[in-house]
Amino acid sequence: MASTVIPFGPQHPVLPEPIHLTLKVEDEIVKEAVPALGYIHRGLEMLCSIRDYHHMIQVCERICGICSMIHATCYSQTIEELMNIEVPPRAELLRIVWSELHRMHSHLLWLGLFADAFGFEALFMQFWKIREKIMDINEATAGNRVIVSVNVIGGVRADLSPDQIRWILTELDDVEKQLKAIQPTILDDYTVKSRTKGIGVMTPEQAIELGAAGPTLRGSNVAQDARMLGYGAYSQLDFEPVVEPDGDCWSRSTVRFREVLQSIDLVRQAISKLPEGDINVKVKGNPPEGGEIYTRVEQPRGECMYYIRSNGTKHLERLRIRTPTFANIPPLLTMLPECELADVPVIVLSIDPCISCTER
Amino acid sequence: MKMKNDGYRLVTFSTYAVGEKELGIMYHFDKDLDEAHLRLVVDKEKPIPSVSGVYFCAMLVENEIQDQWNVKFDGLVVDFNRTLLLDSEVTTVPLVNNVKIEPKN
């Protein structure tokens, strides 16, 4: 059988991420996939040598719009640990509220795009309609819909009033009700199952060996979630990683759907434990000379890692960021071979690729 | 290989400059949220042994390091030859000062 080479991306109608894959195809079956990155590489890690460590929060937030809050949280926590800064308990819980809101809007955005990828446009619209409520909460509480910019080194810059808290809880009740109403459509529907069940299968052993992260890892029956490390105020909250056993596209989408419901619960728990008090502390000085630190957080797409070296100045010596999509590209390359060409967009989307994060 | 046999997942590597001529590499591993780190300091002029034969996922990280530090990994399973993130006509190395390199064809 003669093989055909098909370029997939970097601009593709069903994939709003500029990833390029060179697909070697025989009789509509993908035999090999080779990635090409670098279309939007911005060199953001390098900026730490010319930007003050306080200003780098704004840079880190812009690595990715959808995970912006959690990028900023990870960066802030890393600097705070390096400088022994004690963040007020109220700020820690407020960070969780905005982080989980980000996880919810990221997953809802993805669930909509995923439905769109296999031609279910009504479902796409429903997920994005629900997501609007989360965006409205972000806008009302932080002033922005996507990049909320609430983190500062030493805490947060915005607080929630009792009225806002009551309104958030009411909105989340509504989000939960609407999500449960469309749950059968995404989890029990014949059309959805026929496009996702048994497609792009990755075993637990492969997931571990290939360094998969987040819902891609948990969708392959590996119960690992960086939030279980108890960073920030997560140690005060009660939750378990969401796991699905089959390792296919359906499992990964189910993990994300269930994680939206989990995030609603975590926001409720964080709000119920919100103490009175300050929301930030004043930070003086620079990170210490010879400081070295490694921190992990759980983003919507998976585990994100920050490694920082400081040299006693206001500039960091080295900032290294490993984002979840970077970890999920090798698993993708093993999911694609032997799949049908028509399933490529569904499999690529199933890892929730964020090339903006990957290329930083 | 020992880390893999012990069931550790490779998270990533982090690199940093050690003076002008050396590169520090931290290998970060994870097993059920238990972290392990290995440190290696290498000469930038000499090829660095690749671990992509053991952990395939190291392939992307090693290619990224080649792009950003102008070093060479020996035994890399898929070598983008310094064009994973950078265009082939790039002649400056992002994380190394005052080093000019030949454009790739």
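Details of the structure are given in the entry above.
### Quick word on the packing of helix α3 (residues 89–117) of chain A against helix α4 (residues 121–142) of chain A
A pair of packed helices is characterised by two quantities: the angle between their axes and the separation of those axes.
Residue and element names in this part refer to chain A.
Move 1: Where α3 meets α4, the axes come as close as 8 Å, and the angle between the chain directions of the two elements is 160 degrees. Regarding the angle of α3 to α4, the classification is roughly antiparallel. Both α3 and α4 take part in a crossing whose hand is left-handed.
Move 2: Taken together, the residues of the contact of α3 with α4 break down into 17 nonpolar, five polar and three charged.

### Considerations on the interface of chain B and chain A
Many analyses report the size of an interface as the accessible area lost when the parts associate.
Move 1: Between chain B and chain A, the residue contacts involve 33 residues of the former and 34 residues of the latter.
Move 2: Interface of chain B and chain A: buried area, both sides summed, is about 2,900 Å²; carbon and sulfur atoms make up 60% of it.
Move 3: Put simply, B:Asp30 and A:Arg296 hold a salt bridge, and the shortest N to O gap is 2.6 Å.
Move 4: Counting every contact that joins chain B to chain A gives 12 residue pairs in polar contact (both at pLDDT 80 or more).
Move 5: Contributions of two or more residues to the side of chain B that touches chain A are made by β1 (9–18), β2 (22–31), β3 (34–43) and α2 (58–69) of chain B.

### Some words on the packing of aromatic side chains
Residues and elements named next belong to chain A.
Move 1: Throughout the structure, instances matching the rule amount to nine aromatic pairs over all chains.
Move 2: Arranged with centres 5.0 Å apart and planes meeting at 45 degrees, the rings of Phe124 and Trp128 form a pair that is tilted. Within this pair, Phe124 and its partner Trp128 are both found in helix α4, separated by four residues, close to a single helical turn.
Move 3: On the accessibility criterion, Phe124 (23% relative accessible area) is partly exposed.
Move 4: What makes Trp128 partly exposed here is its relative accessible area of 31%.
Move 5: Here the aromatic cluster, defined as three or more aromatic residues joined through ring pairs, consists of Tyr231, Tyr234 and Phe239.
Move 6: A cation over an aromatic ring shows up here: Arg131 above the ring of Trp128, its NZ or CZ 5.6 Å from the ring centre.
Move 7: Against the face of Trp250 rests Lys197, its NZ or CZ located 4.1 Å from the ring centre.

### Focus on the packing of helix α10 (residues 324–335) of chain A against α2(B)
Move 1: Packing of α10(A) against α2(B) brings their axes to within 8 Å, and their N-to-C directions diverge by 125 degrees. Taken together, α10(A) and α2(B) sit at an angle that is classed as oblique. Taken together, the residues of α2(B) that come into contact with α10(A) (itself represented by A:Phe326, A:Ile329, A:Pro330 and A:Leu333) are B:Met59, B:Leu60, B:Val61 and B:Glu64.
Move 2: Of the residues assigned to the contact of α10(A) with α2(B), the class counts are seven nonpolar, no polar and one charged.

Definitions and cut-offs
Residues numbered from 1 in each chain as written. Chains lettered and ligands numbered in written order. Predicted model: local features only at pLDDT ≥ 70, side-chain atom pairs only at ≥ 80, totals over all residues. Heavy atoms only, no water. Axes fitted to C-alpha atoms, helices over the stretch in contact; angles between N-to-C directions. Helix = DSSP H or I, 4+ residues; strand = E, 2+ residues; numbered from the N terminus. Parallel < 35°, antiparallel > 145°, perpendicular 65-115°, else oblique. Left-handed = near helix turned anticlockwise from the far one by under 90°. Nonpolar A, V, L, I, M, F, W, Y, C, P; charged D, E, K, R; others polar. Contact = heavy atoms within 4.5 Å. Buried area = accessible area lost by both parts, 1.4 Å probe. Salt bridge = Lys/Arg side-chain N within 4 Å of Asp/Glu carboxyl O. Polar contact = N/O pair within 3.5 Å; in protein donor to acceptor, adjacent residues only side chain to side chain. Phe/Tyr/Trp six-rings, centres within 6.5 Å; stacked < 30°, edge-to-face > 60°. Buried < 20%, exposed > 50% of the residue type's maximum accessible area, 1.4 Å probe, protein only. Lys NZ or Arg CZ within 6 Å of the ring centre and 35° of its normal.

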